[in-house]
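Structure at a glance
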Amino acid sequence: MAAVTGGGRTPLIAGNWKMNLDHLQAVAFVQKLHWTLKDAAHEDGSVEVAVFPPFTDIRTVQTLLDADKIPFALGAQDLSTKDAGAYTGEVSGAFLAKLSARYVIIGHSERREYHHEGDEIVAEKVQAALRHGLVPVICVGETAADLEEFGAAAVPVGQLEKALDGVPADADIVVAYEPVWAIGSGQAATPQQAQDVCAKLREVIGQKLGADAAERTRVLYGGSVKSGNIASFMREPDVDGALVGGASLLVDEFAAIIRYQKHVGV
Ligand SMILES: O=C[C@H](O)COP(=O)(O)O
């Protein structure tokens, strides 16, 4: 089955569990999701599925994925700017890499808002991820007030420019456009809004890292993605997948999102 995004990029459907599902619930969830998806496209690699459990679940989920040969990638929701040392409560990228985490979310709006993480910290975390061979999923997006004052693209474009400072041209990264007003609100962006901003973010990648990086880097949309709207986003040429919050906690709903190709008609 063909990928539907531009440039031959493999679509990525990523489930950010946020602070939900303890390690026992995580095992039941992953087993059920895998079982539900037995016939789905992710089994042949045409859609990549990634789950982002809380830190305390990661070891358990990693063991399950390995033992049952479940083809989901594993990610963390955050990491420290530091690699080791006297930083109480922090988790190093080195530790995540040892647990076979492939991805790490950086700059999520909930980190920016509740933990006061600005663009400098985000850029440091991107460097920390790359130091340990992790793929940063760099989140950018405008608030409702930003949208009114500057339009949709200005803030995410500025955030991404800063996050990419010092990133080498050959770095493996993912960018997620998440308008803050669309997160958990049930009010998703329109596919055209998502496309417009994702295309601008791809331009930024091109300016900062070069044309090859712009062509190969996946740009996701996030914010109230559901099974009922995923196909409309995935039809857009610059939307290469989704970063899903609430709907990634419901097995049948998340499985239906992963199976979006059935609705796209490719
Ligand atoms: O990381 C995921 C986003 O915050 C989207 O969350 P949501 O799908 O619940 O709107």
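Note that residues are indexed from 1 along each chain, following the sequence as it is written. Local features in this predicted model are restricted to residues of pLDDT 70 or higher, and side-chain atom pairs are both shown and tallied only at a pLDDT of 80 or more, whereas totals for entire chains, interfaces and linings draw on every residue. Side-chain figures throughout are based on the complete set of non-hydrogen atoms in the structure, without hydrogens or water.

1. Focus on the overall build of the protein
Regarding its fold elements, the protein presents twelve helices and eight strands. The size measure is the radius of gyration over C-alpha atoms, and the globule rule it meets is 2.2 Å times the number of residues to the 0.38 power. The C-alpha radius of gyration computed for the protein amounts to 17 Å, which stays within 12% of the reference 18 Å derived for 266 residues, consistent with globular compactness. Dimensions along the principal axes, computed over C-alpha positions, put the protein at roughly 50 × 45 × 35 Å. Taken over 266 residues, the protein has a buried fraction of 54%. Here the protein displays about 11300 Å² of accessible surface, and carbon together with sulfur accounts for 53% of that area. Side chains of the protein carry 23 positive and 35 negative charges; the gap between the two charge centres is 5 Å. Numbered from the N terminus, helices here are DSSP runs of H or I no shorter than four residues, and strands are runs of E no shorter than two. Using a 1.4 Å probe on the protein chains alone, a residue whose accessible area is under 20% of its type maximum counts as buried, one over 50% counts as exposed, and one in between counts as partly exposed. Methods summary: accessible areas were calculated by the Shrake-Rupley approach with a probe of 1.4 Å, and residue burial reflects only the protein chains presented. For the purpose of counting charges, residues Lys and Arg are taken to be positive, whereas Asp and Glu are taken to be negative. His and the chain ends are not included. Where a charge sits is defined by one atom per residue type, namely NZ (Lys), CZ (Arg), CG (Asp) or CD (Glu).

2. Remarks on the site of the ligand
Residues are counted as near a molecule or strand when any one of their heavy atoms sits within 4 Å of it. Taken together, the neighbourhood of the ligand is formed by 13 residues, with K18, H108, G184, S224 and G246 sitting nearest. Whenever two N or O atoms come within 3.5 Å, that pair is a polar contact, provided that in protein one can donate a hydrogen and the other can accept it, and provided that, for residues adjacent in sequence, both atoms are side-chain atoms. One of the backbone nitrogen or oxygen atoms of G245 is found 2.9 Å away from an oxygen atom of the ligand. Isolated, the ligand exposes 310 Å² of accessible area, and the fraction of that covered by the protein chains is 96%. Classes in brief: Ala, Val, Leu, Ile, Met, Phe, Trp, Tyr, Cys and Pro nonpolar; Asp, Glu, Lys and Arg charged; the others, Gly included, polar. Its residues assigned to classes, the shell around the ligand shows four nonpolar, seven polar and two charged.

3. What to know about the pairing of strand 5 (residues 135-140)
Most of strand 5 is tucked away: six of the six residues are buried. The alternating pattern of strand 5 places V135, V137 and C139 on one face and P136, I138 and V140 on the opposite face, and all of these are buried. Paired strands, as defined in this entry, are two strands with at least two bridges between them according to DSSP. The pairing of strand 4 (residues 103-106) with strand 5 spans four bridges and is classified as parallel. Each residue of the ladder has a partner; that of Y103, found in strand 5, is V135. Of the strand pairs in this sheet, strand 5 and strand 6 (residues 174-177) are connected by four bridges, and their pairing is parallel. Residue C139 lies in a different strand from strand 6, and its bridge partner there is A176.

4. Section: the UniProt feature "binding site: substrate" (unreviewed entry) in the protein
UniProt positions are given in the numbering used here, feature names are shortened, and annotations may be inferred rather than shown by experiment. Mapped onto this structure's residue numbering, the UniProt feature "binding site: substrate" (unreviewed entry) falls at N16, W17, K18, G184, S224, G245 and G246. In summary, the annotated positions, though distributed over 231 residues, converge in three dimensions, the widest C-alpha pair being only 14.1 Å. Considering the arrangement of structural elements, one finds K18 in the loop between strand 1 (12-16) and helix 1 (23-36). Whether two residues touch is decided by their heavy atoms; if any such pair falls within 4.5 Å, the residues are in contact. The contact partners of K18, leaving out residues within four places of it in the chain, are F52, P54, Q77, H108, E110, I183 and G245.

5. Examining the packing of aromatic side chains
Between the rings of Phe, Tyr and Trp (Trp by its six-membered ring), a pair exists once the centres lie within 6.5 Å; its type follows the angle of the planes, with under 30 degrees stacked, over 60 edge-to-face, and the other angles tilted. Taken as a whole and judged by the stated rule, the model has four aromatic pairs. On the numbers, 5.3 Å between centres and 75° between planes, the contact of W17 with F29 is edge-to-face. Note that W17 is positioned in the loop between strand 1 and helix 1 and F29 in helix 1, a separation of twelve residues in sequence. Of the two residues examined, W17 and F29, each falls in the buried class. Ring geometry for Y221 and F233: centres 4.4 Å apart, planes at 20°, overall stacked. Placement of Y221 in strand 7 (residues 218-222) and of F233 in helix 10 (residues 230-234) is noted, with a sequence separation of twelve residues between them. The class of Y221 is buried, set by a relative accessible area of 1%. In this structure F233 comes out as buried when scored by relative accessible area, which is 2%.

6. Some words on the UniProt feature "active site" (unreviewed entry) in the protein
Those residues carrying the UniProt feature "active site" (unreviewed entry) are H108 and E178 in this numbering. Sequence-wise these annotated residues cover 71 residues; spatially they are packed, their C-alpha atoms never more than 8.3 Å apart. Relative to the helices and strands, H108 resides in the loop between strand 4 and helix 4 (109-114). Structurally, E178 can be placed in the loop between strand 6 and helix 8 (191-209). By relative accessible area, which is 6% here, E178 ends up buried.

7. Side note on the sheet that holds strand 6
Within the closed barrel, the eight strands sit side by side as 1-2-3-4-5-6-7-8. Their pairing is parallel. Across the sheet, the axes of successive neighbouring strands diverge by a mean angle of 25°, strand direction being ignored. Pairing between strand 3 (residues 72-76) and strand 4: two bridges, direction parallel. Following the sheet pairing, A76 is matched in strand 4 by V104. Only the stretch in contact is used when a helix axis is fitted, and all axes are lines through C-alpha atoms; the angle between N-to-C directions ranges over 0 to 180 degrees.

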